[in-house]
Amino acid sequence: MKTQIRQLKEKKNAVILAHYYAPAEVQEIADYIGDSFYLAKVAKKCEADIIVFCGVSFMGESAKILNPDKKVLMPDLTADCPMAHMATREKIIEMRKKYDDLAVVCYINSTAELKCLSDVCVTSSNAVKIVKELPNKNIFFIPDRNLGAFVAEKIPEKNIIINDGCCPIHAELSAEQICNEKTQHPNALVLTHPECEPGVLAVSDFIGSTAEIIDYAKNSPCNEFIVCTENGVEYKLKSNNPNKRFYFPEPCPCCRDMKLNTLENIFSVLEKEDKEIIISEDIRRKALIPLDKMLELAKQ
Ligand code: 13P
Ligand code: SF4
C-alpha cells in the first residue's frame, strides 16, 4: 500500500501533510510532519497540485483558506476536532459589545466560521508570543479554556477572558495520574501540552506544543519522559531518540478523529480525488485575515 501511495502521489503531483497525532504508518509516508503551526506554514507555501491533509478538519480548512488554488483532500472528511465547535457567535458578539478595546484571539483548533469572527489566530506554539504583542488590553480567548489560562498566566498585564471549551482528550488527564506515573518513574521529566488542565500543568517540567515537546525531548540530557499529550507523538519521539524511554499516562490519550487517517483512506482519496475541502469564498476571505495575521505576528 505504501508503494502504491508513493506512486500515485508522484503521478498526481500531490503532497501528504500529517500531524504528529496521525497514526505511525501515516507519518511514515508523509512528506511533511509537524504541529499545526508548522503544517499551516507548509500548506501556505505548497506548490503541489494536491494537498492530502492527514489531520482533522480545522487543519484541512486552514490549508484551503491559506492556499485556495490547491485541491485540499482529507482521507476522512468526518475527522473533526470537537473543541473546534466549542465557542459561539453570540458569545463573541456579547464580548465585543462589553469591551471596546477587545481582541478576539482564536486558537487555530476552531471552525472557519469562528475564525471569521476573530481578530487573530494562534496555535499552541505561538499563542503567548502573539497575545503579548497585541495592542489590546482585553482579550477574549476562544475556544480552549486551558490554553487560554496558560496564556493568561504568562501575561498577567492583560485582561484575558476565557471561553469554556476544551479538548476532551487532554482535559481527561489528571494530576493524580501524572503523580502516579512519577512514582513509577521518578527520574522522568513530565512534558505536557497546554491543552491539559492547570493541575496537570502544575506538576509538569515542560509545557509546549507537540513540536516543542518533541524538540525538548531530543535536546534534553534526560533519558526518561512522561508525555502528557496524544499518543501519536510517540512515533517521532521514539524515532528521534531510540535510546530514551517515553511513558504515557494510563489510559493512554488517543484522539479517535486523528486515527481516522489510514493508509487505505489516503490511497482511496488520492485515487478518486474526492473528499475535498470546499469553503465558500466569502468565508475563506474572512477567515484568511486572522490566519495571515498569525503568520505575520509569529514571524516578528
Ligand atoms: P499542536 O498545536 O501541538 O499541533 O496541537 C494541536 C492539537 O490538536 C492538540 O490537541
Ligand atoms: Fe482536537 Fe483534542 Fe484531537 Fe487535538 S487531540 S485534534 S484538540 S480533539
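Structure first, text after, so check above.
Sequence order sets the numbering: in each chain, residues are counted from 1 along the sequence as written. In the order they appear in the text, chains get letters beginning with A and ligands get numbers beginning with 1. The predicted origin of the model limits local features to residues at a pLDDT of at least 70 and limits the giving and counting of side-chain atom pairs to 80 or more, whereas totals for whole chains, interfaces and linings rest on all residues. Think of the side-chain values as coming from all heavy atoms in the structure, minus any hydrogens and water.

### Let's talk about the site of ligand 2
Link 1 in the chain: Any residue with a non-hydrogen atom lying within 4 Å of a molecule or strand is treated as near it. In the vicinity of ligand 2, the contacting residues are Y21, V56, C81, P82, M83, N109, C167, I169, H170, E195, C255 and M258.
Link 2 in the chain: Points on a 1 Å grid, built from protein atoms alone, make a cavity when a 1.4 Å probe fits but cannot get out and make a pocket when they are open with protein on both sides within 12 Å along at least 5 of 7 lines; residues with an atom within 4 Å of a point are the lining residues. In this scheme, a molecule is assigned to a cavity or pocket if more than half of its atoms are within 2 Å of the grid points. With respect to the detected pockets, ligand 2 is housed in the largest cavity.
Link 3 in the chain: Side-chain classes follow a simple rule in which Ala, Val, Leu, Ile, Met, Phe, Trp, Tyr, Cys and Pro form the nonpolar group, Asp, Glu, Lys and Arg form the charged group, and the remainder, Gly included, forms the polar group. Across the shell around ligand 2, the residue classes tally to 9 nonpolar, 2 polar and 1 charged.

### Concerning the layout of surface pockets
Link 1 in the chain: Grid points are joined across faces, edges and corners, and a volume is the space filled by probe spheres set on the points. Taken as a whole, the largest pocket encloses approximately 170 Å³ of empty space.
Link 2 in the chain: Helix numbers and strand numbers start at the N terminus; a helix is a DSSP run of H or I with at least 4 residues, a strand a run of E with at least 2. Elements with a minimum of two residues in the lining of the largest pocket: α3 (36–45) and α14 (281–299).
Link 3 in the chain: No other element matches α3, which puts 4 residues into the lining of the largest pocket.
Link 4 in the chain: Of the residues that constitute the lining of the largest pocket, the class distribution is 2 nonpolar, no polar and 5 charged.

### Topic: the packing of helix α1 (residues 2–11) against helix α13 (residues 263–272)
Link 1 in the chain: Interaxial angles span 0 to 180 degrees and are taken between N-to-C directions of axes, which are lines fitted to C-alpha atoms, for helices over the stretch in contact. Where α1 meets α13, the axes come as close as 10 Å, and the angle between the chain directions of the two elements is 30°. Considering the angle they form, α1 stands roughly parallel to α13. Crossing angle aside, the handedness with which α1 passes α13 is left-handed. Contacts between α1 and α13 involve K2, Q4, I5, L8 and K9 from the former and L263, I266, F267, L270 and E271 from the latter.
Link 2 in the chain: A per-class count over the contact of α1 with α13 returns 6 nonpolar, 1 polar and 3 charged. Note on angle classes: values under 35 degrees are labelled roughly parallel, values over 145 roughly antiparallel, values of 65 to 115 roughly perpendicular, and the remainder oblique. Handedness of a helix crossing follows the sense of rotation of the near helix relative to the far helix, less than a right angle counterclockwise being left-handed and clockwise being right-handed. The contact criterion used throughout is that any non-hydrogen atoms of two residues lie within 4.5 Å.

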